Amino acid sequence: MADDAGLLAPLCSEQFGSGEALGCRAAADGSLQWEGFPDSVSPDYLPYQLWDSVQAFASSLSGSLATQAVLLGIGVGNAKATVSAATATWLVKDSTGMLGRIVFAWWKGSKLDCNAKQWRLFADILNDVAMFLEIMAPVYPICFTMTVSTSNLAKCIVSVAGGATRAALTVHQARRNNMADVSAKDSSQETLVNLAGLLVSLLMLPLVSGFPGFSFGCFFFLTALHIYANYRAVRALVMETLNEGRLRLVLKHYLQRREVLDPTTANRMEPLWTGFWPTPSLSLGVPLHCLVSSVFELQQLVEGHQEPYLLCWDQSRNQVQVVLNQKADPKTILRAATHGLMLGALQGDGPLPAELEELRNSVRAGPKKESWVIVKETHQVLDKLFPKFLKGLQDAGWKTEKHQLEVDEWRATWLLSPEKKIL
């Protein structure tokens, strides 16, 4: 213990002028590890920020073209345009966006952490769609108000999704309890990039203002660059916490090869174009009253469950619903999600461990077993498999003390099954 305390204590420190002092500790390999960049952030910080700067610059230039189009549509430079008409259009546009912001935050606000990378990409693509609508708005003056209102609605959704996922990514990247510092530097970096974009826009707009075709060409080029840079930025992220998509990939690989994918490999395989809409195959934290309506159904559901969760499997739809106990911790939730995904694997193809392969063959052959019987049998399999899987996750570098699984807030209590757990 004394040795551990010595390793954790700073060996020395230094500071520049009146700035903050930086401590230095001994790393595991004997090297000196100074506080601050790059040790204060995750390894994916630099590639992410480089591509993020490119996408912000492209977005700034596209935004200038879109703003020019909106001002033209409102009547700037047109002697016949009235202030009241322009004000009314602006108010309708802003109020539509405010309503959209409220509704989207209520609808999806609690889900954004689970798939931060996918929602981040979605927000930036939606922002490009919004700017395209703004550029097209003056082309059809009769629909101008509706078009810019729709565009502002999309932009307000972007602000909610983009801001929330940015915060989630900042939490991931801050490694020295320095979230505020990382967030402040990210904001300053974005401001600098936007300033550069503003200066370039001052040179670009006079050149394209009289040539609609050239303006559209510049916009599509910048949009393509923006989407590509966003994709590269998000793909550079390596999240060490498990959401449903990453857990599905890691578990499938483990069941087939008995190897646990490391975070870098799993993140590289994770799909980015899907994942922002919830999949119906696994629901965690569902209310108990939605699954049972009689004492018999409750007893049947509880039978064989020694862990603080109850699992109901609908074989026909391959849908798993999980009721969580008040005592359920992150490890329990991770086990419940693993259990649900493992049940789904019984209806799929591909190799499985011997005990699961035997169970899958018995399910497919002869009369169909009751779902609760299969769930009870998989509990016994999981008692042996999950501890090894959990240790494999930890050894591979996954953070299992927390997760990014989508879990509802319902919790329940019930009497545990009197059966002894088979280990």
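Residues numbered from 1 in each chain as written. Predicted model: local features only at pLDDT ≥ 70, side-chain atom pairs only at ≥ 80, totals over all residues. Heavy atoms only, no water.

Student: Can you walk me through helix 8 (residues 244-257) in this structure?
Tutor: Quick reminder: α-helices carry 3.6 residues per turn. Residues three or four places apart thus point the same way. An ideal rise of 1.5 Å per residue puts 20 Å on 14 residues; helix 8 measures up with 20 Å between its terminal C-alpha atoms. Those residues of helix 8 not exposed but buried are Glu244, Arg246, Leu247, Val250, Leu251, His253, Tyr254 and Leu255. Each element contacted by the buried residues of helix 8 is listed here: helix 4 (116-136), helix 9 (263-269), strand 4 (282-284), helix 11 (330-346), helix 12 (354-364) and helix 13 (371-396). Between the side-chain oxygen of the N-cap and the backbone nitrogen of Gly245 there are 3.3 Å, and the N-cap of helix 8 in question is Asn243. (Helix = DSSP H or I, 4+ residues; strand = E, 2+ residues; numbered from the N terminus. Expected span 1.5 Å × (residues − 1). Buried < 20%, exposed > 50% of the residue type's maximum accessible area, 1.4 Å probe, protein only. Contact = heavy atoms within 4.5 Å. Polar contact = N/O pair within 3.5 Å; in protein donor to acceptor, adjacent residues only side chain to side chain.)

Student: Looking at this model, I keep getting lost on a nonpolar patch on the surface. Mind explaining?
Tutor: A cluster of nonpolar side chains, contributed by Leu192, Leu195, Leu198, Leu199 and Leu202, occupies part of the molecular surface with about 510 Å² of accessible area. Within the secondary structure layout, Leu199 lies in helix 6 (residues 179-208). Assessed through its relative accessible area of 51%, Leu199 is described here as exposed. (Patch = residues over 30% accessible without salt bridge, like charges linked within 9 Å, V, L, I, M, F, W, Y side chains within 5 Å. Areas by Shrake-Rupley, 256 points an atom, 1.4 Å probe, with all protein chains shown as cover. Salt bridge = Lys/Arg side-chain N within 4 Å of Asp/Glu carboxyl O.)

Student: For this particular structure, what's the right way to read the sheet that holds strand 4?
Tutor: Taking strand neighbours across the sheet as the criterion, the three strands line up as 4-6-5 in an open arrangement whose pairing is mixed. If you trace the sheet from one side to the other, it starts and ends with strand 4 and strand 5 (309-314), each paired once. The sheet shows a mean angle of 15° between the axes of neighbouring strands, taken without regard to direction. One ladder, built from six bridges, connects strand 5 with strand 6 (residues 319-324); its direction is antiparallel. When the sheet's bridge partners are listed, Cys312 is paired in strand 6 with Gln321. Against the sheet, helix 11 touches strand 4, strand 5 and strand 6, its axis set at about 20° to strand 5. (Pairing = 2+ DSSP bridges. Axes fitted to C-alpha atoms, helices over the stretch in contact; angles between N-to-C directions.)

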